[in-house]
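# Breakdown of the fold
Residue-level listing of the chains:
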There are 2 protein chains.
Amino acid sequence: MKTEKISELTTNRLSVYLRCLNELAAAGVETISSQALAEQFNLNSAQIRKDLAYFGEFGVRGVGYYVNDLREHLRQILGLTRDHRIAIVGAGNLGLALANYQGFNLQTFQIVALLDSDPGKIGSPARTGLLIEDVQNLAEVIRREEISIVIIAVPAVAAESVLDEATAAGVKAVLNFAPVRLHPKPGVKVKNVDLTISLESLSYFLARPSATGVIVDYRDFLPTEDATENGQAQSAG
Amino acid sequence: MKTEKISELTTNRLSVYLRCLNELAAAGVETISSQALAEQFNLNSAQIRKDLAYFGEFGVRGVGYYVNDLREHLRQILGLTRDHRIAIVGAGNLGLALANYQGFNLQTFQIVALLDSDPGKIGSPARTGLLIEDVQNLAEVIRREEISIVIIAVPAVAAESVLDEATAAGVKAVLNFAPVRLHPKPGVKVKNVDLTISLESLSYFLARPSATGVIVDYRDFLPTEDATENGQAQSAG
DNA sequence: AATTGTGAATTCCTTCACAGCC
DNA sequence: GGCTGTGAAGGAATTCACAATT
């Protein structure tokens, strides 16, 4: 286990490895080599070994990695052995879709609060049965529900003030869907999902003559990285 | 205008610059220096100048960049001067939220088709008034509606076959929300939005002692980059 | 005087290649 | 023999720093 700072490119890949290990475990596979794992994503086996080596020596020379063992290590490293209680701010289409989304691990990531500013929505239950609360009570909800992650799904103009209130209430991790650059806060990690940037990236590709090219790069298997937000957090307190 | 290949990090930043220029134009600002623009995102002014220099010389020494002029150049570069007709596959929570989403430029990105495999949904209109069509007719819909971008919002197991059918019908650009690594196709650009990776990245941050650190890095203003999919497309035909 | 455009330096990330171990 | 872990090499992205230009 080294102490140098770990790139977010590395931790994103750890998520990918974990997902793959989950599938391998479900399929009853017991060991896997970095080479075999690498082939799943068109990536370099040394990359995988390096990524893992930041955190320990999990492999066995001549054998590879024990699937269940490595899987457990990755869950530890990624902090997935404890729950994360999530509040979604914004009960519009996107917020409600996220509240109902079945895609992420419901065991680990629990959506326990849903807030909005619209009086017509406050007090009524979403499909999940979750009561929509007043965004003005965000700080109180964060404390009451022991929220560790806030998802911002409000219009761009309202996003900054939601971040202000969430961080004032002690939240350290925010997933922002509003198409806006939020001002950085000390000690707070903000990840952005910016659909406009993603679509414009596709548009750029379509506009190029080289748009007829071939994608044969392992990098084409990860989510889209910001050009101005890699979400790197520097210690300073 | 250079011919070297442009990094997706660069093109993502161009989207960010454009958004900022839109705001500046709306505010009546006429010129802006790379330094002033850089301060908006905590990024380096040389970075902005380098990014722009890949495509031409848009600035005026001693003055900076004319906001409207640069804005128009960026719209051209990003291919935003023509429409993109979009089909969303999957009329679940996420697909419907995207169909109703007001966040992106509705002028440029038009959602003109919505498909699903559920017989209970096919034939009924979504809130937008768009009729939900049978995903089995995807190829036909793509041709009829002249779709250039397909958004995949189906469960992970179904995503690969949607990509197969879309690319067989000639689609070159895909935005994938399914939490799965799709197999690369020649000449097709796939951008992934992977909420699991984003949340696990936040979880990792929260699990570290250094989670008390300060984020003061310009990179914290962009969307999340894949660890295994930067969406790079190599020309090969 | 101010600001761009860009070669050089730096920093960061990936890949190679091999010693070390099972 | 096969595979990991890692130092060294290579490549890519960022930042510096300054000549060129208005």
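Throughout, residues of each chain are indexed from 1 in the direction in which the sequence is written. Here the convention is simple: chains get letters from A, ligands get numbers from 1, in the order in which they are written. Owing to the predicted nature of the model, reporting of local features is limited to residues with pLDDT of at least 70; listing and counting of side-chain atom pairs is limited to 80 or more, with chain, interface and lining totals taken over all residues. In computing side-chain properties, one takes all heavy atoms of the structure into account and sets aside hydrogens as well as water.

### So, the pairing of strand β9 (residues 189–192) of chain A
Residues and elements named next belong to chain A. Only protein chains enter the accessibility calculation, which uses a 1.4 Å probe; a residue whose area is less than 20% of its type maximum is buried, one above 50% is exposed, and one in between is partly exposed. Helix and strand definitions here come from DSSP, where helices need a minimum of 4 consecutive H or I residues and strands a minimum of 2 consecutive E residues; each element is numbered from the N-terminal end. Of the two faces of β9, the one carrying Lys-189 and Lys-191 and the one carrying Val-190 and Asn-192 are both buried. Criterion used throughout: strands pair if DSSP finds at least two bridges between them. Of the strand pairs in this sheet, strand β8 (residues 173–176) and β9 are connected by four bridges, and their pairing is parallel. When the bridges of β9 are listed, Leu-175 appears paired with Lys-191.

### Considerations on the sheet that holds strand β8 (residues 189–192) of chain B
Residue and element names in this part refer to chain B. Strands sit in the order β5-β4-β3-β6-β7-β8 across an open sheet of six strands; the sheet is parallel. A single partner strand is all that each edge strand has here, and the edge strands are β5 (132–134) and β8. In this sheet, neighbouring strand axes are inclined to one another by 30° on average, regardless of whether the strands run parallel or antiparallel. Sheet strands touched by helix α7 (residues 156–168): β3 (84–89), β6 (149–152), β7 (173–176) and β8. Its angle to β6, the strand with the most contacts, is close to 170°. Each axis is a line fitted through C-alpha atoms, taken for helices only over the stretch in contact, and angles between the N-to-C directions span 0 to 180 degrees. Pairs of residues are marked as contacts when any of their non-hydrogen atoms sit within 4.5 Å.

### Looking at a nonpolar patch on the surface
A cluster of nonpolar side chains, namely A:Val60, A:Val63 and A:Tyr66, defines an oily patch on the protein surface of about 230 Å² accessible area. Note on A:Val63: relative accessible area 38%, which makes it partly exposed. Within the patch definition used here, like charges are joined within 9 Å and nonpolar side chains (Val, Leu, Ile, Met, Phe, Trp, Tyr) within 5 Å, considering only residues with over 30% relative accessible area and no salt bridge. Each accessible area is a Shrake-Rupley result for a 1.4 Å probe, and residues are judged covered by the shown protein chains and nothing else. The salt bridge definition used is simple: a Lys or Arg side-chain nitrogen within 4 Å of an Asp or Glu carboxyl oxygen.

### Concerning the pattern of salt bridges
All names here are of chain A. Under the criterion given, the structure shown has 24 salt bridges over all chains. Arg-144 is the salt-bridge partner of Glu-145, the closest N and O atoms lying 3.2 Å from each other. A relative accessible area of 42% places Arg-144 in the partly exposed class. The structure contains a network of salt bridges with shared partners spanning Arg-85, Glu-133, Glu-140, Arg-144 and Glu-145.

### Remarks on the protein's contact with DNA strand C
As a structural note, the neighbourhood of DNA strand C is formed by 27 residues, with A:Arg13, A:Lys50, B:Ser34, B:Arg49 and B:Tyr65 the closest of them. Any residue with a non-hydrogen atom lying within 4 Å of a molecule or strand is treated as near it. What you see for DNA strand C is that sugar and phosphate hold 66% of its atoms within 4 Å of the protein. Two N or O atoms form a polar contact when they lie within 3.5 Å of each other; inside protein one atom must be a possible hydrogen donor and the other a possible acceptor, and for residues adjacent in sequence the pair counts only when both atoms belong to side chains. Interatomic distance of 3.1 Å between a backbone N/O atom of B:Gly59 and a phosphate oxygen of DNA strand C. When contributions to the surface near DNA strand C are tallied by element, the ones reaching two or more residues are α1 (8–26) and α3 (45–53) of chain A together with α3 (45–53) of chain B. Looking at which element gives the most residues to the surface near DNA strand C, the answer is α3(A), with four residues. Here the residues of the surface near DNA strand C are counted per class, giving nine nonpolar, eight polar and ten charged. Residues are grouped as follows: nonpolar covers Ala, Val, Leu, Ile, Met, Phe, Trp, Tyr, Cys and Pro; charged covers Asp, Glu, Lys and Arg; every other residue, Gly included, is treated as polar.

### What to know about the sheet that holds β9(A)
Residues and elements named next belong to chain A. Reading across from one edge, β6-β5-β4-β7-β8-β9 is the order of the six strands in this open sheet, with parallel pairing throughout. Each edge of the open sheet carries a strand with a single partner, namely β6 (132–134) and β9. When strand polarity is set aside, the average angle formed by the axes of neighbouring strands in this sheet is 30°. Inspection of the sheet shows strand β5 (residues 109–116) paired to β6 by three bridges, in the parallel sense. Bridge pairing in β6 links Leu-114 to Ile-132. Those strands touched by helix α5 (residues 93–100) are β4 (84–89), β5 and β7 (149–152), and its axis lies near 155° from that of β5. Relative to the sheet, helix α7 (residues 156–168) contacts β4, β7, β8 and β9, its axis offset from that of β7 by approximately 170°.

### Examining the protein's contact with DNA strand D
Not every one of the 26 residues close to DNA strand D is listed here, only the nearest: A:Ser34, A:Arg49, A:Lys50, A:Tyr65 and B:Arg61. Counted by atom, the contact set of DNA strand D within 4 Å of the protein is 65% sugar and phosphate. Here a sugar or linking oxygen of DNA strand D sits 3.1 Å away from a polar atom, N or O, in the main chain of A:Gly62. Take A:Tyr65: an N or O atom from its side chain is 2.7 Å from a phosphate oxygen of DNA strand D. Elements represented by at least two residues in the surface near DNA strand D include exactly α3, β2 (59–60) and β3 (64–66) of chain A together with α1 (8–26) and α3 of chain B.

### Structural notes on the packing of aromatic side chains
Aromatic rings in a pair are described by how distant their centres are and how their planes are angled relative to each other. We call Phe, Tyr and Trp rings a pair once their centres come within 6.5 Å, taking the six-membered ring for Trp, and we label the pair stacked below 30 degrees between planes, edge-to-face above 60, and tilted otherwise. Scanning all chains against the criterion turns up four aromatic pairs over all chains. With centroids separated by 6.2 Å and ring planes inclined at 85°, the aromatic side chains of A:Phe55 and B:Tyr204 adopt a geometry described as edge-to-face. Within this pair, whereas A:Phe55 is found in the loop between α3 and β2, its partner B:Tyr204 is found in helix α8 (residues 195–207), the two belonging to separate chains. As far as the burial class goes, A:Phe55 and B:Tyr204 line up, both buried.

### A short note on the environment of A:Asp194
All names here are of chain A. Mapped onto the elements, Asp-194 comes out in the loop between β9 and α8 (195–207). Considered as a pair, Asp-194 and Ala-25 are 169 residues apart in the sequence and their alpha carbons are 33 Å apart. Of note is the side chain of Asp-194, whose polar atom sits 3.2 Å from the backbone nitrogen of Thr-196.

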